[in-house]
Each structure stands twice: as C-alpha cells, then as structure tokens.
Amino acid sequence: MSNPALQSIHLYPVKSLAGSGPGEAVVEPWGLAGDRRWLLVDAEGRQLTQRQQPTLALARAEGLPGGALGLTAPGREPLTVAVPGSGETVPVEVWKDEVEAVPAGPEAAEWFRGYLGVECRLVYLDAPETRRPIDPAYSAPGETVSFADGFPLLLTTTSSLNALNSLIAQGDHADEGPLPMNRFRPNVVVDGTAPWAEDDWRRVRIGEVAFEVVKPSARCVVTTTDQRTAERGKEPLRTLARRRRFGDRLVFGQNLIPRGVGTIRIGDPFEILG
C-alpha cells in the first residue's frame, strides 16, 4: 500500500449545489475557506437541499474573488451574486440550529425560484466565527461551523469507497454501481489507507494541519442521488444498511474539526496521530 496522501479537495460554496475541486484550500477553524458559506432556504427560512430538491445537484456554484458566487444551472442564464453588503440578518434553520444570516439580493432569489419552481431565497453566513456553534457534545466552547451539516470538514477514503462498491456489486442493485465519490460530498479524500480504517482514527494530520476525528458521518437520501442526472436509486443506502449500520445511523466517512489553520494541497502526506 502506498504512503497515505491527500487525493482530492472539494469545496461547495452553496450547500447542496455542485462545487469545485481545487488543488489547494485554506483551512479555517469552521471549515475550508469558501465552503458552504451560502445556503438556500424555503419560504419559512428552513434549509433547502438535495433532500427536498434533487435537481440542486445539477446547479453549480463557483467561488469568486471577495466571496462572491458564480451560479450556473440547466435552463438558466449564469448569474454572479455579490456578498450582501447590508449586514441585516434574518433567522434561518439548519437542521435544528437557528442561525442568523444575511439575505442575498432579489436577483438570486428570482434565479433559484425560476430554476426550482418553489419559493426560496439565498442567504450568506457573514460571521462564521460566531454564528453557529458546533454540537457541544463533540466540541469545545466557542468552536463554530459553516452551513455544513454539522462539522467543519468531511473526510472519506478511496479504499472504503472501493470496499463499498465491492459490496454493492454483490447486492440486489448491483447495476447501480460502482458509485463515484461525489455521492458522499466530502471535503477531503485520502488515498493509501486500509478500508474502513477511519473507524478507529481519533486525530490525523493533512500536510501542516491537524484535525480531530469527532464523529462518523451518518448518510441520507442525498447519497442515492446521481450528481450528474439528479435521478435517485437505492444505493448506497441499501448496502450501508446491511454492512455499515452503527445504531440507527448508516455510516460512511468521518467528520473533522481543525486543530489548527493553514493550507492543504493535493498530494500532501496524511498521518494518523492517534
């Protein structure tokens, strides 16, 4: 087995939209710089994701200088969205968290309404250092997270995906596999480790930055959504339910909290610290 290393990096400027795969990224205390700082919410201010709207997989958000967004989607003209300047916030709901966020302009709301056909608007997390605390059961006081599901980064490994795909090939929905890694929407993908070894990690280092491995990632219906077509199937949840069930959760990948800041790059060495 080769020396473990960082194989890829993934940024999603808008939660649940397609993102980008840069060669390097800055690690901030609340996640990768530019990752999930924007959120789409419904008319009641609740998060709107691929869980409710699978065609969000076909919309793409690109981070632009100064934190702005470049948006593209089938049937829509490209749109550039500036960081809101008003500073006036509204409450939005991300899972069970109520978070203050700044609404983007009406052009962004109209763009998404035209694409999805539902009432919605785009909001921006203006102060990630204070707005949304991490679950205190897994973090220290003052630690925060972006609009990610619950933790600053999600790590997956190529070996575990290969192992999962081998299990899918043996099941009733083998025709759905092999699945690509984008079904799991990770931030960092590591190569050169043993399958499922991440279950036992507690602290790791990528390049110059150390991370605490705090909690396995529980998977949902988004993983069954083909990120190229927005069509849904049965896998990987059928196989995870048989082989990767931890209590009432179906698990793939690990959530991380940074224990430092710095820049990570594709090819950086990956170390298990404990």
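Residues numbered from 1 in each chain as written. Predicted model: local features only at pLDDT ≥ 70, side-chain atom pairs only at ≥ 80, totals over all residues. Heavy atoms only, no water.

## Some points on helix α1 (residues 106-116)
- Listing the buried residues of α1 in full gives Ala-108, Ala-109, Trp-111, Phe-112, Tyr-115 and Leu-116. The buried residues of α1 all sit within an arc of 160 degrees when viewed along its axis, so they share a single face. In α1, the exposed positions angled more than 90 degrees off the buried face are occupied by Pro-106 and Glu-107.
- On its buried face, α1 sits against β4 (38-42), β6 (69-73), β7 (76-81) and β10 (120-124).
- Looking one or two residues beyond α1, the residue adopting positive phi is Gly-117, at roughly 75 degrees. (Buried < 20%, exposed > 50% of the residue type's maximum accessible area, 1.4 Å probe, protein only. Helix = DSSP H or I, 4+ residues; strand = E, 2+ residues; numbered from the N terminus. Arc of directions from axis to C-beta. Contact = heavy atoms within 4.5 Å.)

## Regarding the sheet that holds strand β3 (residues 31-32)
- The strand order across the open sheet formed by 3 strands is β3-β2-β17, and the pairing between neighbours is antiparallel. Each edge of the open sheet is held by one strand with a lone partner, namely β3 and β17 (262-265). (Pairing = 2+ DSSP bridges.)

## Some thoughts on helix α2 (residues 158-169)
- With 12 residues, α2 extends 16 Å from end C-alpha to end C-alpha; this agrees with the ideal 16 Å at 1.5 Å per step.
- Counting buried positions over the 12 residues of α2 gives 9, a clear majority of the element.
- Those residues of α2 not exposed but buried are Thr-158, Ser-159, Ser-160, Leu-161, Ala-163, Leu-164, Asn-165, Leu-167 and Ile-168.
- Summarising the contacts, the buried residues of α2 are in contact with β1 (5-9), β11 (153-157), β12 (188-191), α3 (237-243) and β16 (249-258). (Expected span 1.5 Å × (residues − 1).)

## Describing the sheet that holds β7
- Read from one edge to the other, the open sheet built from 3 strands follows the order β5-β6-β7, with strand pairing classed as antiparallel. In this open sheet, the two edge strands, each paired with only one partner strand, are β5 (60-63) and β7. Each strand of the sheet is rotated relative to its neighbour by a mean of 15 degrees, with strand direction disregarded.
- Taken together, the 4 bridges between β6 and β7 define a ladder with antiparallel strand orientation. What sits directly across from Gly-70, in β7, is Thr-80.
- Contacts from α1 reach β6 and β7 within the one sheet, and its direction differs from that of β7 by about 150 degrees. (Axes fitted to C-alpha atoms, helices over the stretch in contact; angles between N-to-C directions.)

## Some words on the nonpolar core
- The biggest cluster of nonpolar side chains holds 22 residues, and the ones touching the most others in it are Leu-71, Val-81 and Leu-122.
- Looking at this core, the elements that each hand over two or more residues are β4, β6, β7, α1 and β10.
- Of all the elements, α1 adds the most residues to this core, at 5 residues.
- Setting aside residues no more than four positions away along its own chain, Val-81 makes contact with Trp-38, Ala-68, Leu-69, Leu-71, Ala-104, Ala-108 and Leu-122.
- With 19 residues, the next largest nonpolar core counts Ile-9, Leu-32, Leu-155 and Ile-264 among its residues. (Core = buried A, V, L, I, M, F, W, Y, C linked by side-chain atoms within 4.5 Å.)

## Some remarks on the side chain of Lys-15
- With respect to the secondary-structure elements, Lys-15 resides in the loop between β1 and β2 (24-28).
- Beyond its immediate stretch of four places on either side in the chain, Lys-15 contacts Arg-36, Trp-38, Leu-39, Gln-47, Thr-49, Phe-147, Ala-148 and Asp-149.

## Looking at the pattern of salt bridges
- Applying the stated criterion across every chain yields a total of 15 salt bridges.
- For Asp-35, the salt bridge is made with Arg-36, and the minimal N-O distance between the two is 3.0 Å.
- Looking at Arg-36, the relative accessible area reads 7%, which means it is buried.
- Each of Lys-15, Arg-51 and Asp-149 takes part in a single network of salt bridges with overlapping partners. (Salt bridge = Lys/Arg side-chain N within 4 Å of Asp/Glu carboxyl O.)

## Notes on the state of the cysteines
- Inspection of the entire model under this criterion finds 0 disulfides.
- Among the cysteines around Cys-220, which has no disulfide bond, Cys-120 carries the closest sulfur, lying 19 Å off. (Disulfide = S-S within 2.5 Å.)

## Some details on the pairing of β10
- In terms of residue burial, β10 counts as a mostly covered element, since 4 of its 5 residues are buried.
- As judged from the 5 bridges shared by β4 and β10, these two strands associate in the antiparallel manner. Bridge pairing in β10 places Leu-39 opposite Val-123.

## Regarding the packing of aromatic side chains
- Applying the stated rule across the entire model yields 7 aromatic pairs.
- The interplanar angle of 80 degrees and the centroid separation of 5.0 Å between the aromatic rings of Trp-111 and Phe-112 together place this pair among those described as edge-to-face.
- Ring pairs connect the aromatic residues Trp-111, Phe-112 and Tyr-115, which therefore count as one cluster.
- The aromatic ring of Tyr-12 is capped on one face by Arg-185, whose charged end is 4.3 Å from the ring centroid. (Phe/Tyr/Trp six-rings, centres within 6.5 Å; stacked < 30°, edge-to-face > 60°. Lys NZ or Arg CZ within 6 Å of the ring centre and 35° of its normal.)

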